[in-house]
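Overview (structure and organization)
The primary structure of each chain is shown beneath.
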Amino acid sequence: MKNRNDFAFKMAFSKVYPMYIQKVERKGRTVAELHEVITWLTGYDEAGLAAQIEKAVDFRTFFAEAPQIHPNAPLIKGVICGVRVEEIEDPLMQKIRWMDKLVDELAKGKVMEKILR
């Protein structure tokens, strides 16, 4: 599991971000809604998010430089990639999976008030 985590940690956020956009737009959601979810979780504003994408930072840096992880983030529950997000022990992997879970909920049509706990 360690090697798999290292791979995810070193992956550029800017490489995954377009996939998040595709996923939500395919389901009728907007980039603005995606940004709202990312902003809620990380505290980045639009300029900060754009800067991280432009710098092509990896997930480790993306979350390390996040202004503030939302205090309600631990309320994100459920399964992503076959793993319960609330049971993930590595703090960075848990943050990555929180993001994945929020994007999934957005794509599945969940209302924003429920996504943003």
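Relevant structure appears above.
Structure report, in brief.

Definitions and cut-offs
- Residues numbered from 1 in each chain as written.
- Predicted model: local features only at pLDDT ≥ 70, side-chain atom pairs only at ≥ 80, totals over all residues.
- Heavy atoms only, no water.
- Helix = DSSP H or I, 4+ residues; strand = E, 2+ residues; numbered from the N terminus.
- Rg over C-alpha atoms; globule rule 2.2 N^0.38 Å.
- Buried < 20%, exposed > 50% of the residue type's maximum accessible area, 1.4 Å probe, protein only.
- Contact = heavy atoms within 4.5 Å.
- Areas by Shrake-Rupley, 256 points an atom, 1.4 Å probe, with all protein chains shown as cover.
- Lys, Arg positive; Asp, Glu negative; His and termini not counted.
- Charge placed at Lys NZ, Arg CZ, Asp CG, Glu CD.
- Phe/Tyr/Trp six-rings, centres within 6.5 Å; stacked < 30°, edge-to-face > 60°.

**Regarding the overall build of the chain**
Broken down by element type, the chain carries 7 helices and 2 strands. Element order for the chain, N to C, with α for helix and β for strand: α-α-α-α-α-β-β-α-α. Relative to the globule expectation of 13 Å for 117 residues, the C-alpha radius of gyration of the chain, 13 Å, shows essentially globular dimensions. Taken along the three principal axes of its C-alpha coordinates, the chain extends 35 × 30 × 25 Å. Sorting the 117 residues of the chain into buried and exposed places 44% on the buried side. Considering only contacts in the chain between residues 6 or more positions apart, those separated by 24 or more positions represent 66%. Roughly 6,500 Å² of accessible area belongs to the chain as shown, and the carbon and sulfur atoms make up 55% of that amount. Of note, the chain has its 19 positive side-chain charges centred 6 Å away from the centre of its 17 negative side-chain charges.

**What about the packing of aromatic side chains?**
Counted by the stated rule, this structure contains 8 aromatic pairs. The interplanar angle of 85° and the centroid separation of 5.6 Å between the aromatic rings of F13 and F59 together place this pair among those described as edge-to-face. Here the residue F13 occupies a position in helix α2 (residues 13-26), and F59 occupies one in helix α5 (residues 59-64), the gap between them amounting to 46 residues. Residue classification places F59 among the buried positions, given a relative accessible area of 3%. With 5.2 Å between their ring centres and 90° between their planes, F62 and F63 make a pair best called edge-to-face. Site record: aromatic cluster; members linked through ring pairs are F13, Y17, Y20, Y44, F59, F62 and F63.

**Details of unusual backbone geometry**
It is generally the case that most residues other than glycine have a negative phi and that most peptide bonds are trans. Positive phi is not limited to glycine here, since A56 has a value of about 55°. Its location among the elements puts A56 in the loop between α4 (46-55) and α5. On the accessibility criterion, A56 (41% relative accessible area) is partly exposed. The backbone of C81 shows a phi angle near 55°, a positive value even though the residue is not glycine. Along the chain, the position of C81 falls in the loop between β1 (79-80) and β2 (83-84).

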